[in-house]
There are 2 protein chains.
Amino acid sequence: MKTCLDCIPCFFRQALEASRMVSDDENVHKNILQEVAKEFSSICLDESPPSVSRRVHKIVRDLTGNPDPYKEVKDKYNRMALGLYPQLRERVLRSDDPLLASIRMAIAGNIIDFGVGNSFNVEKEIEESVHKEFAVLDYSEFCDLLEKGEEVLYLGDNAGEVVFDRLLIEVIENMNKRVVYAARGMPIINDATLDDAKECGIHKNATELISTGSDAPATVLEFCSPDFIDKFNSAEMIISKGQGNFEALSGENRPIFFLFKVKCPVVAENINHKIGDMVLMNQKL
Amino acid sequence: MKTCLDCIPCFFRQALEASRMVSDDENVHKNILQEVAKEFSSICLDESPPSVSRRVHKIVRDLTGNPDPYKEVKDKYNRMALGLYPQLRERVLRSDDPLLASIRMAIAGNIIDFGVGNSFNVEKEIEESVHKEFAVLDYSEFCDLLEKGEEVLYLGDNAGEVVFDRLLIEVIENMNKRVVYAARGMPIINDATLDDAKECGIHKNATELISTGSDAPATVLEFCSPDFIDKFNSAEMIISKGQGNFEALSGENRPIFFLFKVKCPVVAENINHKIGDMVLMNQKL
């Protein structure tokens, strides 16, 4: 999915929020927005939004000298999600359809996204996601492909959210499948790095934890490592978590299921659904 | 009031909305946002938001070659407001306190503001404004100053909204006062120009119609004509309509009453009130 002009005001908002997260100095914030403005004085709309976002957040890191501006909120949400984990797991495993229940929980965790805004209510989101109807639910296709293969590549999304992903991964592993969980290669917004994934206990459920090798806030293939690309190209089934991964990978000719909550008007328009909608969507080419 | 970094994403949104209003060509929109980005690569936060907005909308006019991008919506809202006028006037004149009732109506008309967004429900706004409690209501000070003087300088705001202002102006003129209505000197966003004010029938109520002489989307004094400045400096009482005029004139040492609806988070924070709040505020220095 290409970047849209409507994304530009949003990138400035993101840059400002990120700047304020690491510095109280308005001059620093101002310098960052000036640099972002320089970046956008030659806009390329051929890139996907996470690819542009990667450059915006690099400016924030470079000008604040802080390699991980969202470290504190990531730690907070990792801990918060781990606190919820036992009760969420029980709820999933006790449900009539643990696979679908864990998909719902994975979508609930998708709300922990500082790229979109900085206020969300995780507990309210969980209750909504349990009951809400899906806008897109390619569930039988999902089950069919899952049934056929032996290994699933799970493209992670945000810190804290990993704990919610673990629920789905546990159910898949219980079906005698291997799940390879891919975290970001470097800190970017509140996306889950290898460290965040470990802190969230991903190793207790996923067979393997790998890195995309990139500092983009999604799986932007051109920035990923050759090892990751090999894994991606040979995967029998890919679960792509989050809106950013959808933005980066929609259109890729791979067996991908996109699992996310619609959180911005540009993506909503792209898939012809509404903000707040829940999506489990088979890659359609 | 100085421009805040939070205003920057909003300026990009405004530029994009204005571009789309005059052209369907995405390349034109893109060129405009690139020029706006160049403008913000050296941000000056000493100016007021309408002063910066003036430069942003000049880019839109220059790059589209359209001197009045909002002409169509201005005409639409002028006509719409004129259609409502007879019933609103009756409502005001029949009320127990026509002055306060007309102030409420003037605030209702303040919703017609394409600087803030492009969707609003005027009829719903009227009903709300009739009943809602004011967040700031310096009414007795307003009445006192009005009583004392002979002439009021009324700083207008948007097209369509002029019709709502006429209600208040009629009540004031009925108190044997003269009202001088100042419209913008050139088209800018959907702000009322002399033509819009005339189309809205301002001459039927105000004693005199003058121009600020400027193309800013508010009364930014540094861009106003010497004639206007003289009028401004010698005014016994000034009614400053709309959020933009507040942004431009708060802090000016003149007998100003600000009359507006709070429509953006930056202004809300500045006056410590909420979006949607109704304000009749004596200039406090």
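Only a predicted model underlies this, so the values are computations on that prediction, with no experimental measurement involved.

Peer 1: Sorry if this is basic, but what is going on with the overall build of chain A here?
Peer 2: What chain A contains, in helices and strands, is 12 helices and 7 strands. The C-alpha atoms of chain A give a radius of gyration of 18 Å, which matches the 19 Å a tight globule of 285 residues would have. In terms of overall dimensions, chain A has a C-alpha envelope of 55 × 40 × 35 Å along the principal axes. Burial status across chain A gives 60% buried among its 285 residues. For chain A, long-range pairs separated by at least 24 residues make up 73% of all intrachain contacts whose partners lie at least 6 apart in sequence. Here chain A has roughly 11400 Å² of accessible surface; of this, 46% comes from carbon and sulfur atoms.

Peer 1: Please explain the domain arrangement of chain A as it appears in this structure.
Peer 2: By a widespread convention, an interface's size corresponds to the accessible area lost as its parts come together. Residues and elements named next belong to chain A. Split by domain assignment, chain A resolves into domain 1 (7-64) and domain 2 (71-282). Taking only C-alpha atoms, the centre of domain 1 and the centre of domain 2 are 25 Å apart. Every contact between the two is made by 13 residues of domain 1 and, on the other side, 20 residues of domain 2. Buried area between domain 1 and domain 2, summed over both chains or domains, comes out near 1300 Å², and the portion from carbon and sulfur atoms is 59%. The tally of links between domain 1 and domain 2 comes to 2 salt bridges. Going through the elements one at a time, helix 1 (7-22) and helix 3 (49-64) are the ones with two or more residues in the side of domain 1 that touches domain 2.

Peer 1: Any chance you could explain the packing of helix 4 (residues 71-94) of chain A against helix 6 (residues 122-131) of chain A here in plain terms?
Peer 2: For any two helices packed against each other, one specifies the inter-axial angle together with the distance between the axes. Residue and element names in this part refer to chain A. Two numbers describe how helix 4 lies on helix 6: the axes approach to 12 Å, and their chain directions differ by 30 degrees. As judged from the angle between their axes, helix 4 and helix 6 are roughly parallel. Helix-helix and strand crossings are classified by hand; for helix 4 and helix 6 the assignment is right-handed. Counting all contacts with helix 4, which are made through Y77, M80, L84, L88 and R91, the residues of helix 6 involved are V122, E123, I126, E127 and V130. Residues that form the contact of helix 4 with helix 6 fall into these classes: 7 nonpolar, no polar and 3 charged.

Peer 1: Before we go on, may I ask you to explain the sheet that holds strand 1 (residues 136-137) of chain A in this structure?
Peer 2: Through backbone hydrogen bonds, the strands of a sheet pair up, either in parallel or in antiparallel fashion. All names here are of chain A. Reading across from one edge, 1-7-6-5-2-3-4 is the order of the 7 strands in this open sheet, with mixed pairing throughout. At either end of the open sheet lies a strand with only one pairing partner, and these are strand 1 and strand 4 (208-211). Here 2 bridges tie strand 1 to strand 7 (residues 278-282), and the two strands are oriented parallel to one another. Looking across to strand 7, one finds that L137 is bridged to L280.

Peer 1: Please clarify how the sheet that holds strand 4 (residues 208-211) of chain B should be interpreted in this entry.
Peer 2: Residues and elements named next belong to chain B. Strand order in the open sheet made by the 7 strands is 1-7-6-5-2-3-4, with mixed pairing throughout. Strand pairing shows two members of the sheet lacking a second neighbour, strand 1 (136-137) and strand 4, which therefore form its edges. Inspection of the sheet shows strand 6 (residues 256-261) paired to strand 7 (residues 278-282) by 5 bridges, in the antiparallel sense. Bridge pairing in strand 7 links F257 to N282. Of the strands in this sheet, strand 2 (151-155), strand 3 (178-183), strand 5 (237-241) and strand 6 touch helix 8 (residues 161-173), which is tilted by about 160 degrees from strand 3.

Peer 1: What is the right way to look at the relation of the copies chain A and chain B in this model?
Peer 2: Related by rotation about an axis and a shift along that axis, the two copies of the chain form a pair. Turning chain A through 180 degrees and shifting it by 0.0 Å along the axis lays it on chain B, with an RMSD of 0.0 Å. The superposition operator between the copies reduces to a two-fold rotation axis. When the interface residues of chain A are mapped onto chain B, 100% of them are again interface residues, pointing to one common binding face.

Peer 1: Got a minute to help me understand the interface of chain A and chain B in this structure?
Peer 2: Taken residue by residue, the interface counts 20 residues in chain A and 20 residues in chain B. Where chain A abuts chain B, roughly 1800 Å² becomes buried across the two surfaces, and 71% of that area is made up of carbon and sulfur atoms. Seen at the junction of chain A and chain B, the total is 2 salt bridges. For the salt bridge of A:R20 with B:D6, the shortest nitrogen-to-oxygen distance reads 2.6 Å. Seen at the junction of chain A and chain B, the total is 2 residue pairs in polar contact (both at pLDDT 80 or more). Breaking the side of chain A that touches chain B down by element, the ones donating at least two residues are helix 1 and helix 2 (26-40) of chain A. With 8 residues, the top contributor of residues to the side of chain A that touches chain B is helix 2 of chain A.

Calculation criteria
Residues numbered from 1 in each chain as written. Chains lettered and ligands numbered in written order. Predicted model: local features only at pLDDT ≥ 70, side-chain atom pairs only at ≥ 80, totals over all residues. Heavy atoms only, no water. Helix = DSSP H or I, 4+ residues; strand = E, 2+ residues; numbered from the N terminus. Rg over C-alpha atoms; globule rule 2.2 N^0.38 Å. Buried < 20%, exposed > 50% of the residue type's maximum accessible area, 1.4 Å probe, protein only. Contact = heavy atoms within 4.5 Å. Areas by Shrake-Rupley, 256 points an atom, 1.4 Å probe, with all protein chains shown as cover. Domains from an automatic or database assignment. Buried area = accessible area lost by both parts, 1.4 Å probe. Salt bridge = Lys/Arg side-chain N within 4 Å of Asp/Glu carboxyl O. Axes fitted to C-alpha atoms, helices over the stretch in contact; angles between N-to-C directions. Parallel < 35°, antiparallel > 145°, perpendicular 65-115°, else oblique. Left-handed = near helix turned anticlockwise from the far one by under 90°. Nonpolar A, V, L, I, M, F, W, Y, C, P; charged D, E, K, R; others polar. Pairing = 2+ DSSP bridges. Least-squares fit on C-alpha atoms with pLDDT ≥ 70 in both. Polar contact = N/O pair within 3.5 Å; in protein donor to acceptor, adjacent residues only side chain to side chain.

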